[in-house]
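# Observations on the three-dimensional arrangement
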Amino acid sequence: MEMRLLNCPSLTLKAAIVHPCNDQDGRLFDSIVDCHAQFAEYTTSKTVSHLNDAVQNFQSVLDQCPVGHPDHASALTNLVYACLRGYIDNHLEDIDTSTSLFREALALRPQDHPDHKFSLYNLIRALIWRYSM
């Protein structure tokens, strides 16, 4: 898989080239880059509208990567991570959906998957936040 490094004002973003999924013109890749740029803007500004835009666009990317698509678990993880960050920052209220979706992402990445530990870590982090409040 080819990797590209993208320089954003506040971070360096490493994004994988997505697998084909009705993306002949590159709009899916551009959408992923936009999502991460919006989320990076939120993490530096803590402006809720940037979080809402990022979540909405992460959802759009997930919609373009249905179950069975090789990037579905990654798209799901990106969406849920943004939601968890919003919950941690007290900008979103629904932690139960985040934990449920992290469980789903973990199920899509069996123990031999290279991102299994990352998915497990995300689920544990969400559960800690869920039960520490």
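Structure shown above.
Cut-offs used in this document
- Positions within a chain are numbered from 1, following the residues in the order the chain's sequence is written.
- Only residues with pLDDT of at least 70 get local features here, since the model is predicted, and only at 80 or more are side-chain atom pairs given and counted; chain-wide, interface and lining totals rely on the full set of residues.
- Derived side-chain values reflect all non-hydrogen atoms in the structure, with water molecules and hydrogen atoms excluded from consideration.
- Throughout this description, the term salt bridge denotes a Lys or Arg side-chain nitrogen within 4 Å of a carboxyl oxygen of Asp or Glu.
- To sort residues, take the accessible area from a 1.4 Å probe on protein chains only and compare it with the maximum for the residue type: under 20% means buried, over 50% means exposed, and anything in between is partly exposed.
- Patch rule: a residue counts if its relative accessible area is over 30% and it has no salt bridge; like charges are joined within 9 Å, and nonpolar side chains (Val, Leu, Ile, Met, Phe, Trp, Tyr) within 5 Å.
- Residue burial considers only the protein chains on display, and all accessible areas are found by Shrake-Rupley using a 1.4 Å probe.
- Comment: elements are numbered from the N terminus, with helices defined as DSSP H or I runs of at least four residues and strands as E runs of at least two.

Let us look at the pattern of salt bridges. In this structure the tally under the stated criterion is 4 salt bridges. Its salt-bridge partner being Arg85, residue Asp89 comes within 2.9 Å of it at the nearest N-O pair. In this structure, Asp89 and Arg85 share a single accessibility class: buried. Between Asp115 and Arg109 there is a salt bridge whose closest N-O contact spans 3.9 Å. Through salt bridges with shared partners, one network takes in Lys46, Arg85 and Asp89.

So, about a nonpolar patch on the surface. Residues Leu120, Ile124 and Ile128 make up a contiguous nonpolar surface patch of roughly 260 Å² in combined accessible area. Of note, Ile128 is situated in helix H5 (residues 116-132). Its relative accessible area of 54% is what places Ile128 among the exposed residues.

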